[in-house]
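Coordinate inspection notes
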Amino acid sequence: MAIISSDSLEEYKQQLPDVSRRITYILNLFPSELHIFVRPEIQSLADLRGKKVNFNTRGTAAAFTGPMIFSRLGVDVEQMFIPHPLAIEQMRRGEVAGVVFITSKPIDAFLKGKWDPGFKFLPVEYGPKFEDYYLPSTLDAKDYPNLVQAGADVETIAVPTILTAYNW
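Residues numbered from 1 in each chain as written. Predicted model: local features only at pLDDT ≥ 70, side-chain atom pairs only at ≥ 80, totals over all residues. Heavy atoms only, no water.

With the rule as written, the count across this model stands at six salt bridges. The partner of Glu 89 in a salt bridge is Arg 92, and the shortest N-O contact between them spans 3.5 Å. One end of the pair, Glu 89, and the other, Arg 92, are both in helix H4 (residues 84–92), three residues apart, so they sit about a helical turn from each other. Overall, Arg 92 belongs to the partly exposed group, its relative accessible area being 34%. (Salt bridge = Lys/Arg side-chain N within 4 Å of Asp/Glu carboxyl O. Helix = DSSP H or I, 4+ residues; strand = E, 2+ residues; numbered from the N terminus. Buried < 20%, exposed > 50% of the residue type's maximum accessible area, 1.4 Å probe, protein only.)

Let us look at the side chain of Asn 56. Position of Asn 56 among the secondary structure elements: in the loop between strand S3 (52–54) and helix H3 (61–73). Owing to a relative accessible area of 18%, Asn 56 belongs among the buried residues under this scheme. Among the polar contacts made by the side chain of Asn 56, one reaches the main-chain amide nitrogen of His 84 at a distance of 3.5 Å. Setting aside chain neighbours within four positions, we find Asn 56 in contact with Ala 62, Ala 63, Met 80, Phe 81, Ile 82, Pro 83 and His 84. (Polar contact = N/O pair within 3.5 Å; in protein donor to acceptor, adjacent residues only side chain to side chain. Contact = heavy atoms within 4.5 Å.)

Moving on, we get to the packing of aromatic side chains. Scanning the entire structure with this criterion turns up 13 aromatic pairs. Ring geometry for Phe 101 against Phe 110: centres 4.9 Å apart, planes inclined by 70 degrees, an arrangement best described as edge-to-face. By relative accessible area, Phe 101 is classed as buried at 10%. Three or more aromatic residues joined by ring pairs make a cluster, and in this case those are Phe 37, Phe 101, Phe 110, Trp 115, Phe 119, Phe 121 and Tyr 144. It is Arg 58 that lies over the ring of Phe 81; its NZ or CZ is 3.7 Å from the centre. Here the guanidinium or amino end of Arg 92 rests over the ring plane of Trp 115, the centre of that ring lying 4.0 Å away. (Phe/Tyr/Trp six-rings, centres within 6.5 Å; stacked < 30°, edge-to-face > 60°. Lys NZ or Arg CZ within 6 Å of the ring centre and 35° of its normal.)

Another aspect to go through is H4. Helical periodicity: at 3.6 residues per turn, an α-helix aligns residues three or four positions apart in one direction. Among all positions in H4, only His 84, Ala 87, Ile 88, Gln 90 and Met 91 are buried. The buried residues of H4 occupy one face: seen down the axis, they fall within an arc of 160 degrees. Once H4 finishes, Gly 94 follows within two positions and takes phi at roughly 90 degrees, a positive value. (Arc of directions from axis to C-beta.)

Quick look at the nonpolar core now. Core analysis: the largest hydrophobic core is formed by 27 residues, its most contacted members being Ile 36, Leu 48 and Phe 70. Per-element tally for this core: the top contributor is H3, with six residues. Residues contacting Phe 70, with those up to four places away along its chain left out, are Ile 36, Leu 48, Val 53, Phe 55, Val 75, Val 77 and Val 100. Listed in part, the 18 residues of the second largest apolar core include Ile 88, Val 99, Leu 139 and Leu 147. (Core = buried A, V, L, I, M, F, W, Y, C linked by side-chain atoms within 4.5 Å.)

The subject of this paragraph is the environment of Thr 161. Structurally, Thr 161 can be placed in strand S8 (residues 153–166). With 22 residues separating them along the chain, Thr 161 and Leu 139 place their C-alpha atoms 18 Å apart.

Turning to unusual backbone geometry, a few remarks are in order. Cis geometry is adopted by the peptide bond preceding Pro 106, which originates at Lys 105 and carries an omega value of -5 degrees. The backbone of Asn 56 sits at a positive phi, close to 70 degrees, despite the residue not being glycine.

A few words now on a nonpolar patch on the surface. A cluster of nonpolar residues, Met 1, Ile 3, Ile 26, Leu 27, Leu 29 and Phe 30, forms a patch on the protein surface that exposes about 600 Å² of accessible area. With four residues, the top contributor of residues to the nonpolar patch is strand S2 (residues 23–38). As for its placement among the helices and strands, Leu 27 is situated in strand S2. The exposure class of Leu 27 is partly exposed, given its relative accessible area of 41%. (Patch = residues over 30% accessible without salt bridge, like charges linked within 9 Å, V, L, I, M, F, W, Y side chains within 5 Å. Areas by Shrake-Rupley, 256 points an atom, 1.4 Å probe, with all protein chains shown as cover.)

Keep in mind that these numbers describe shape and distance, not what the molecule does.
Here's what the structure looks like:
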C-alpha cells in the first residue's frame, strides 16, 4: 500500500504504461493546497519566468508536483530543490523569487512568520489544465490573517492525496 498524490499517477504512467491495471485506488485522504509564495516585486506567475523558485527537497510533494504544475502553466523557472527554511531566508534577501509548498493549510512558516509588506501568495486559476488530477481551492484570511486581506480569497488548486494498493 502507498499514500501518494493523485498526480503522481501521471508520472508512473510514463514509466509504466499499464500502471492503472497494477494499482487500485482505495481511499481519498485529504487535499494538499498549492502555495506559491513570492517576493514583493513579483506580481504574477509570468513574473517568475526565468527566476529562482524553490520546490523543497527532492522526494517531497512540492518537488514532485510543483514542476509539473509550472509546466502545465507554461512558466519556465530556475528550479531549486533545497530545504524550505533555507530558501525562505534566501527569498527574504532577494536571492530567490518564490517558494512552492504543497501541503494542507495553514502552514506554520506563513502563519507565524513575520513578513515585510508585499510578500504574498500568487493565485492559480483552476481550469481545464488541472481537471484531471486537481481540485479548486482557496487561501484566505482565516488561513493566513497576516498575508491575505479579510474578505479576499487567493485562488489555488489542491492535490488529492490517495491511498492505493497493488492490484493483486
